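Take a look at the letters that make up each chain.
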Amino acid sequence: MSDAGRILTFFLGLSLLLPVLSGKEAAQEADAFFAPLSTVKSLSCRFTQEQKIRGLAHPILLTGRFCMTGKGDLAWIVETPVKFYCVIRGDLLRSWDAESGKERSVDLKDHPAFSLMIDMMKKFFSGKISVTKDYSCTVKDKRTITLIPASHNPLSGNVSRIEITLSPDGRSIASLKTLAVSGDENTLNFKETVLDKPIPESIWKEGKVQ
């Protein structure tokens, strides 16, 4: 997969996870559910991403690191099966992959649709979530929520269900699972999460921890 493909796979997957609900009571419950995320100033963790695709005998598994700051800086660093990173600081997106050995830069101001998708993802991880009528919602317990796209939602023909589980303290995301109408599944699990600690500058410059 090309580095552009990896960027789109990751960000498109996360952009599906915007917790948008229908109904006033459901909206209030969802706001309370995600509110603790807004207290986080920085986040650094390890992740595993498992993609189960119909027609493939074995799932695709990625492992790496994910970092985010309250300012909206993001870093997605894949360590296996191929080294790759995508770093966003301000309006600049930089990506690099070991297969080509090349770094690419994108000015997000020149790509408003992509910029909007990334902005939505930032709001999701920071708990700054807009509530509309595009999804129905079930809060299973204080840590788990399920989202189902409404019939008028463009995702309804592709995504059947989204499941989100928070960490025990509710201040970060432990897992994100997207189930597609086709039967495909995409699961992100986050572990070794560190909150409100400085993130090494090497993450933003080189996509790695020195």
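Can you walk me through the overall build of the protein chain in this structure?
Helix and strand content of the protein chain: 4 helices and 11 strands. Sorting the 210 residues of the protein chain into buried and exposed places 46% on the buried side. A fraction of 50% describes how many contacts in the protein chain between residues 6 or more apart in sequence connect residues 24 or more apart. Surface accessibility of the protein chain: about 10700 Å² in total, with carbon and sulfur atoms responsible for 54%.

Would you take a moment to explain the sheet that holds strand 6 (residues 103-107) for this structure?
Sheet strands pair via backbone hydrogen bonds, and the direction of the pair is either parallel or antiparallel. In spatial order, the strands read 6-5-4-3-2-1-11-10-9-8-7; together these 11 strands make up an open sheet with antiparallel pairing. For this open sheet the edge positions go to strand 6 and strand 7 (135-139), each flanked by a neighbour on one side alone. Each strand of the sheet is rotated relative to its neighbour by a mean of 15°, with strand direction disregarded. Here 5 bridges tie strand 3 (residues 74-80) to strand 4 (residues 84-89), and the two strands are oriented antiparallel to one another. Following the sheet pairing, Leu-74 is matched in strand 4 by Ile-88.

Explain the packing of aromatic side chains here, please?
Any aromatic ring pair is given by two values, namely how distant the centres are and how the planes are angled relative to each other. Overall, the coordinates contain 4 aromatic pairs when judged by the stated rule. Ring centres of Trp-76 and Phe-84 lie 5.6 Å apart, and the angle between their planes is 70°; on these two criteria the pair is classed as edge-to-face. According to the relative accessible area criterion, Trp-76 is buried, its value standing at 2%. Taking the relative accessible area as the measure of exposure, Phe-84 reaches 1% and is therefore buried. Ring-pair connections join several aromatic residues into one group, and the members of that group are Phe-47, Trp-76 and Phe-84.

How do you make sense of a nonpolar patch on the surface when you look at a structure like this?
Where nonpolar side chains cluster on the molecular surface, the patch consists of Ile-53, Leu-56 and Ile-60 and spans about 220 Å² of accessible area. Overall, Ile-53 belongs to the partly exposed group, its relative accessible area being 32%.

Is there a simple way to think about the pairing of strand 6 in this case?
The two faces of a sheet get side chains in turn, since along a regular strand they alternate between them. Summarising the sheet, strand 5 (residues 92-97) and strand 6 pair through 5 bridges and their orientation is antiparallel. Bridge pairing in strand 6 links Trp-96 to Glu-103. Hairpin connection of strand 5 to strand 6: 5 residues between the antiparallel strands, including Gly-101 at a positive phi of 70°.

Please explain the environment of Thr-178 as it appears in this structure.
Tracing the backbone through its elements, the reader meets Thr-178 in strand 10 (residues 173-180). Linking Thr-178 and Val-159, residues 19 residues apart in sequence, is a C-alpha distance of 7.2 Å.

Could you clarify how one ought to interpret the pairing of strand 2 (residues 60-69) in this entry?
Alignment of strand 1 (residues 42-52) against strand 2, held across 10 bridges, turns out to be antiparallel. Each residue of the ladder has a partner; that of Glu-50, found in strand 2, is Leu-61. Across 6 bridges, strand 2 lies against strand 3 in antiparallel orientation. When the bridges of strand 3 are listed, Met-68 appears paired with Leu-74. The turn linking strand 2 back onto strand 3 is made up of 4 residues, and Gly-72 within it adopts a positive phi angle of 100°.

What counts, and where the lines are drawn
- Residues numbered from 1 in each chain as written.
- Predicted model: local features only at pLDDT ≥ 70, side-chain atom pairs only at ≥ 80, totals over all residues.
- Heavy atoms only, no water.
- Helix = DSSP H or I, 4+ residues; strand = E, 2+ residues; numbered from the N terminus.
- Buried < 20%, exposed > 50% of the residue type's maximum accessible area, 1.4 Å probe, protein only.
- Contact = heavy atoms within 4.5 Å.
- Areas by Shrake-Rupley, 256 points an atom, 1.4 Å probe, with all protein chains shown as cover.
- Pairing = 2+ DSSP bridges.
- Axes fitted to C-alpha atoms, helices over the stretch in contact; angles between N-to-C directions.
- Phe/Tyr/Trp six-rings, centres within 6.5 Å; stacked < 30°, edge-to-face > 60°.
- Patch = residues over 30% accessible without salt bridge, like charges linked within 9 Å, V, L, I, M, F, W, Y side chains within 5 Å.
- Salt bridge = Lys/Arg side-chain N within 4 Å of Asp/Glu carboxyl O.

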